Amino acid sequence: MIYSQKVSVVAANYNNAAFLEDYFDAWQKSTVQPAEHIFVDDGSTDNSLDIARKYAKDMPSLKIIELGRNRGFGNALNVGIDLARGKYILRIDPDDVVAPERVAKQLEVLDADDADVVGSNAVIFQSTTALQVGLSNFPSDHQEIASTILRGEHGVLHPTVMARAELFKLNPYIQGNVPAEDYDIFARMLSAGARFQNIQEPLIRYRIHQRSASNILPLSTIVKTYRIRDQVFGSETTTAAVWWYYLHIKFYRKHLFAANTIQRAVYLGMASMMRPDKALKRLARIARNRSSAR
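All of these numbers come straight from a predicted model, not from anything done at the bench. Residue numbering note: each chain is counted from 1, following its sequence as written. The model is predicted, so local features are restricted to residues of pLDDT at least 70 and side-chain atom pairs to those at 80 or more, both for listing and for counting; the totals for chains, interfaces and linings are taken over all residues. Side-chain figures throughout are based on the complete set of non-hydrogen atoms in the structure, without hydrogens or water.

Each residue's exposure class comes from its accessible area (1.4 Å probe, protein chains only) as a fraction of the maximum for that residue type: buried when under 20%, exposed when over 50%, partly exposed otherwise. Secondary structure is summarised from DSSP: a helix means a run of H or I of at least four residues, a strand means a run of E of at least two, and numbering begins at the N terminus for each. With ten of ten residues buried, strand E6 (residues 117–126) lies mostly within the body of the structure. Two strands make a pair as long as DSSP finds a minimum of two bridges between them. Relative to strand E8 (residues 162–164), E6 is paired through two bridges, and the arrangement is antiparallel. Within the sheet, the bridge partner assigned to valine 117 lies in E8 and is alanine 163. The pairing of E6 with strand E9 (residues 196–208) spans ten bridges and is parallel. What sits directly across from phenylalanine 125, in E9, is arginine 207.

Encoded structure:
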């Protein structure tokens, strides 16, 4: 088995016992193993720790950190990041499933010094049915990712990211910005001069379930995201822009969770009506990807 001394995985867990076997089984199939896999348990009240300890017997890189009480997602991640000793930190959440080649492919980009922050696309699947309901379509090059973040939107998907460790250590998570902590940290990295890239291939399976951020999206999260954008970049966001984007995202989330094809199509159409510019860009990006694959 190949181990990379450059990679530290940091995952924060709270009551994800139902998903941990999928999570750890996938890591055991990774073609490149991290030097350390820091699993921070944020005061879980289920049997998460029992499951993690079982896997630790066969995963020498696995380091289980027990916080004892719930300190919050951002704080738990900071504990893991402070302990990380690798040159690169790989982020993933314990309800997601890593692709076997993810570490190898992101290492290649970072070692070539082509970027400082490397994400990827993701297969989106429903937890209850295990059915694939979508495929993310994030921009690939730095300029387009930067433009997306500057608009107050997500240029990278948080649990797909591997980045230079110093970027995480110099830009710690702010617990008060959860659940917009992912936009916040990448906005600050961009402002500090970090170079971004997304691998177009999906390198995780991204689970959506009743407790996931993909399902719970209050207006306050979008308001917080745009507030962070304005603070970091000195912009001014109108109330109308906040509402249009909120409705777009809300309908898109309903599309992902819809029970049948007709409902998914209706909600996707409504999401596109709220933000036709995003729908057009998505179609253009898909066309470019198909053209380059020929």
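This part is about the environment of lysine 63. Here lysine 63 lies in strand E3 (residues 62–66). Under the relative-accessibility criterion, lysine 63 is labelled partly exposed at 41%. Distance in space between the C-alpha atoms of lysine 63 and isoleucine 38 is 4.9 Å, their sequence separation being 25 residues. The criterion used for residue contact is that any of the two residues' heavy atoms lie within 4.5 Å. With near-sequence residues (within four places) excluded, lysine 63 lies in contact with Glu36, His37, Ile38 and Phe39.

For the bond running from valine 178 to proline 179, omega is 10°, close enough to zero to count as cis. As for its position among the elements, proline 179 is in the loop between helix H6 (165–170) and helix H7 (181–191). Phi is positive for asparagine 15, close to 55°, though the residue is something other than glycine. For asparagine 15, the position within the fold is in the loop between strand E1 (2–13) and helix H1 (17–28). The exposure class assigned to asparagine 15 is buried, which follows from its relative accessible area of 19%. At aspartate 113, a residue that is not glycine, the phi angle is positive and equals roughly 60°.

Turning next to helix H5 (residues 142–150). Those residues of H5 lying buried are Ile145, Ala146, Thr148 and Ile149. One side of H5 holds all its buried residues, which, seen down the axis, span an arc of 160°. Check the buried side of H5 and you find it contacts H7, E9 and helix H8 (219–233). Sitting at the amino-terminal end of H5 is aspartate 141, which places a side-chain oxygen 3.2 Å from the backbone nitrogen of glutamine 143. Looking at the residues trailing H5, positive phi occurs at glycine 152, about 90°. This arc describes the spread of directions from the helix axis toward the C-beta atoms. Contacts described as polar in this section are N or O atom pairs within 3.5 Å, which, within protein, must combine one atom able to donate a hydrogen with one able to accept it, while residues neighboring in sequence count only if both atoms come from side chains.

So, about the nonpolar core. To define a nonpolar core, start from buried Ala, Val, Leu, Ile, Met, Phe, Trp, Tyr and Cys residues and group those joined through side-chain atoms within 4.5 Å. Ranked by internal contacts, the top residues of the largest apolar core, which has 45 residues, are Tyr23, Phe24, Trp27, Leu90, Ile92 and Val103. Ranked by residue count, the leading element in this core is H1, at six residues. Other than its neighbours up to four places away in sequence, tyrosine 23 contacts Val9, Ala11, His37, Phe39, Ile92, Asp93, Pro94 and Asp96. Counting 31 residues, the second largest nonpolar core, distinct from the first, contains Ala146, Ala165, Tyr173 and Leu190.

Moving on to the packing of aromatic side chains. Stacked, tilted and edge-to-face are the three classes assigned to paired rings of Phe, Tyr and Trp, where Trp is represented by its six-membered ring and a pair needs centres within 6.5 Å; plane angles under 30 degrees give stacked, over 60 edge-to-face, the rest tilted. Enumeration over the complete set of coordinates arrives at eight aromatic pairs. Ring centres of tryptophan 243 and tyrosine 246 lie 5.7 Å apart, and the angle between their planes is 90°; this geometry places the pair in the edge-to-face category. Placement of both tryptophan 243 and tyrosine 246 in helix H9 (residues 239–257) is noted, with a separation of three residues, approximately one turn of the helix. On the basis of relative accessibility, which here comes to 41%, the residue tryptophan 243 falls in the partly exposed class. Ring centres of phenylalanine 251 and tyrosine 267 lie 6.5 Å apart, and the angle between their planes is 20°; on these two criteria the pair is classed as stacked. Remark: tyrosine 267 occurs in helix H10 (residues 261–274) and phenylalanine 251 occurs in helix H9; sequence separation between them is 16 residues. Look at phenylalanine 251 and you get buried, because its relative accessible area is 17%. Three or more aromatic residues joined by ring pairs make a cluster, and in this case those are Tyr23, Phe24, Phe39 and Tyr55. Arginine 205 extends its terminal NZ or CZ atom over the ring of phenylalanine 125, reaching a point 4.2 Å from the ring centre. Geometrically, a lysine NZ or arginine CZ counts as sitting over a ring once it is within 6 Å of the ring centre and also within 35 degrees of the ring normal.

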